[in-house]
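# Chains, contacts and geometry: an overview
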Amino acid sequence: MRYEAESGPTFTLDGEELPFHPGDTLLQAATRAGRYIPHLCWHPDFAAHGSCRICTVKVGGRAGAACTVRAAAGLEVESHTEELNEQRKTLLQMLFVEGNHFCPSCEKSGNCRLQATAYDVGMEGPHFEEFYPDRPVDASHPDILLDFNRCILCELCVRASRDVDGKDVFAIGGHGIGTHLLVNSESGKLADTAMTLSDRAASVCPVGVILPKRRGFAVPIGQRVYDLKPVSEEGGEGAP
Ligand code: SF4
Ligand code: FES
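Quick notes on the rules
- Residues numbered from 1 in each chain as written.
- Chains lettered and ligands numbered in written order.
- Predicted model: local features only at pLDDT ≥ 70, side-chain atom pairs only at ≥ 80, totals over all residues.
- Heavy atoms only, no water.
- Helix = DSSP H or I, 4+ residues; strand = E, 2+ residues; numbered from the N terminus.
- Rg over C-alpha atoms; globule rule 2.2 N^0.38 Å.
- Buried < 20%, exposed > 50% of the residue type's maximum accessible area, 1.4 Å probe, protein only.
- Contact = heavy atoms within 4.5 Å.
- Areas by Shrake-Rupley, 256 points an atom, 1.4 Å probe, with all protein chains shown as cover.
- Axes fitted to C-alpha atoms, helices over the stretch in contact; angles between N-to-C directions.
- Parallel < 35°, antiparallel > 145°, perpendicular 65-115°, else oblique.
- Left-handed = near helix turned anticlockwise from the far one by under 90°.
- Nonpolar A, V, L, I, M, F, W, Y, C, P; charged D, E, K, R; others polar.
- Salt bridge = Lys/Arg side-chain N within 4 Å of Asp/Glu carboxyl O.
- Polar contact = N/O pair within 3.5 Å; in protein donor to acceptor, adjacent residues only side chain to side chain.
- pLDDT = per-residue confidence, 0-100.
- Pairing = 2+ DSSP bridges.
- Core = buried A, V, L, I, M, F, W, Y, C linked by side-chain atoms within 4.5 Å.

Now for the overall build of the protein chain. Within the protein chain one finds 5 helices and 10 strands. For 240 residues, the compact-globule estimate of 2.2 N^0.38 gives 18 Å, and the C-alpha radius of gyration of the protein chain, at 19 Å, lies within 12% of that figure. In terms of its C-alpha atoms, the protein chain occupies a principal-axis envelope of roughly 60 × 40 × 40 Å. Per-residue burial for the protein chain yields a buried fraction of 46% across its 240 residues. Considering only residue pairs separated by 6 or more positions, the protein chain has 64% of its internal contacts joining residues 24 or more positions apart. Summing over all exposed atoms, the protein chain offers an accessible surface of approximately 12100 Å²; the carbon and sulfur share of this is 52%.

Structure representation (structure tokens):
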């Protein structure tokens with residue numbers, strides 16, 4: 001058969017034949033093969049969430065989320081096309097204007113997947129009108145700062161706290177444009193939860209919401225993960 005290589009079944013990603021394991025999603029298989037498909041709410045350590053749509057690819061001409069569509073022998077998948085990258089740029093621009101993202105003053109700049117992905121698809125400005133939502137920071141915890149201004153609602157912290165830490169510190173509340181991240185405590189403050197700096201949830205945020213206190217700018221700007229190589233060259237790592 002055309003796609004049954006000796007080593008097992010394969011699909012094509014932008015014309016390149018890639019192997020996959022049974023049960024793999026397209027994004028898992030691509031990442032394992034060292035190929036990059038843009039993504040924000042997916043992380044190799046967690047079950048797919050399928051909410052950001054940045055990973056949208058075309059499978060046999062039909063759009064699907066690469067983090068949820070299963071690989072199958074003979075699938076023809078397109079990802080790095082002008083049309084899909086333009087759609088990704090629009091989604092990213094919407095994410096930027098929905099929050100307050102001031103990259104030059106953000107501790108996460110250079111380590112931020114949102115910023116790195118935007119650079120990678122050639123986003124040069126927000127395009128849409130800024131919402132400037134009012135989102136206070138939570139500095140109540142002795143070791144962890146929460147800056148909700150930068151939240152992209154990927155729910156990685158929700159999954160990490162619930163599934164790895166067993167603490168359920170975070171949740172998503174509200175509807176539509178009012179959807180926001182919540183801290184699960186009576187006061188709504190992080191200080192009144194059991195969260196600690198060693199929790200998985202404390203290090204999973206792809207943007208600059210959940211930050212350790214007293215460690216600001218420990219790595220200088222210019223020497224950070226995505227300062228050294230673009231996100232599209234992270235190969236099989238899948239996350240910083
Ligand atoms: Fe995602 Fe970070 Fe917001 Fe949690 S705080 S939902 S990890 S962007
Ligand atoms: Fe697939 Fe977010 S990475 S929808």
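Next comes the rest of the account.
What follows covers the packing of helix 2 (residues 82-98) against helix 3 (residues 113-120). It is at 10 Å that the axes of helix 2 and helix 3 come closest, and there the two elements cross at 140°. Accordingly, the angle class assigned to the pair helix 2 and helix 3 is oblique. As helix 2 runs across helix 3, the sense of the crossing is left-handed. Residues L92, L95 and F96 of helix 2 touch helix 3, and the partners they reach there are L114, Q115, T117 and A118. Partitioning the contact of helix 2 with helix 3 into residue classes produces 5 nonpolar, 2 polar and no charged.

Looking now at the pattern of salt bridges. Summed over the entire model, instances satisfying the criterion amount to 11 salt bridges. Ionic pairing is found between R224 and E107, a salt bridge with its closest N-O pair at 3.4 Å. You can see R224 sitting in the loop between strand 10 (210-212) and helix 5 (225-228) and its partner E107 sitting in the loop between helix 2 and helix 3, a full 117 residues away along the chain. By relative accessible area, which is 1% here, R224 ends up buried. Put simply, D199 and K167 hold a salt bridge, and the shortest N to O gap is 2.9 Å. You can see D199 sitting in the loop between strand 9 (180-183) and strand 10 and its partner K167 sitting in the loop between helix 4 (156-164) and strand 8 (170-173), a full 32 residues away along the chain. A relative accessible area of 7% places D199 in the buried class. Among the residues examined, K167 registers a relative accessible area of 29% and is labelled partly exposed.

Before going further, it helps to examine the side chain of D147. Counting through the fold element by element, D147 comes out in the loop between strand 7 (144-146) and helix 4. D147 gets classed as buried once you look at its relative accessible area, which sits at 10%. At 2.7 Å, the side chain of D147 and the side chain of N149 are in polar contact. Setting aside anything within four residues of it in sequence, one finds D147 in contact with V137, G208 and V209.

Looking at the protein chain as a whole, the pLDDT averages 93, with 95% of positions reaching at least 70. This model gives residues 1-5 a pLDDT under 50, and the stretch forms 12 contacts once residues within four places in sequence are excluded.

With that out of the way, let us pick up the pairing of strand 3 (residues 16-19). With 4 bridges joining them, strand 2 (residues 8-13) and strand 3 adopt antiparallel strand pairing. Bridged to T12 within strand 3 is E17. In this structure, the hairpin formed by strand 2 and strand 3 is closed by a connection of 2 residues, where D14 is found at a positive phi of approximately 50°.

Another aspect to go through is the pairing of strand 9. Alignment of strand 8 against strand 9, held across 4 bridges, turns out to be antiparallel. When the bridges of strand 9 are listed, F170 appears paired with V183. As consecutive antiparallel partners, strand 8 and strand 9 are separated by 6 residues, and within that stretch G174 has a phi angle of approximately 80°, a positive value.

Attention now goes to the nonpolar core. In this structure, L40, L114, L146, F170, L190, M195 and I210 are the most contacted members of the largest nonpolar core, which totals 36 residues. Elements that contribute at least two residues to this core include exactly helix 2, helix 3, strand 7, helix 4 and strand 9. Dropping the residues within four chain positions of it, L190 is found in contact with D138, S140, H141, I144, L146, V169, F170, V183 and M195. The next biggest cluster of nonpolar side chains, apart from the first, holds 18 residues, and it includes A29, A30, V59 and A66.

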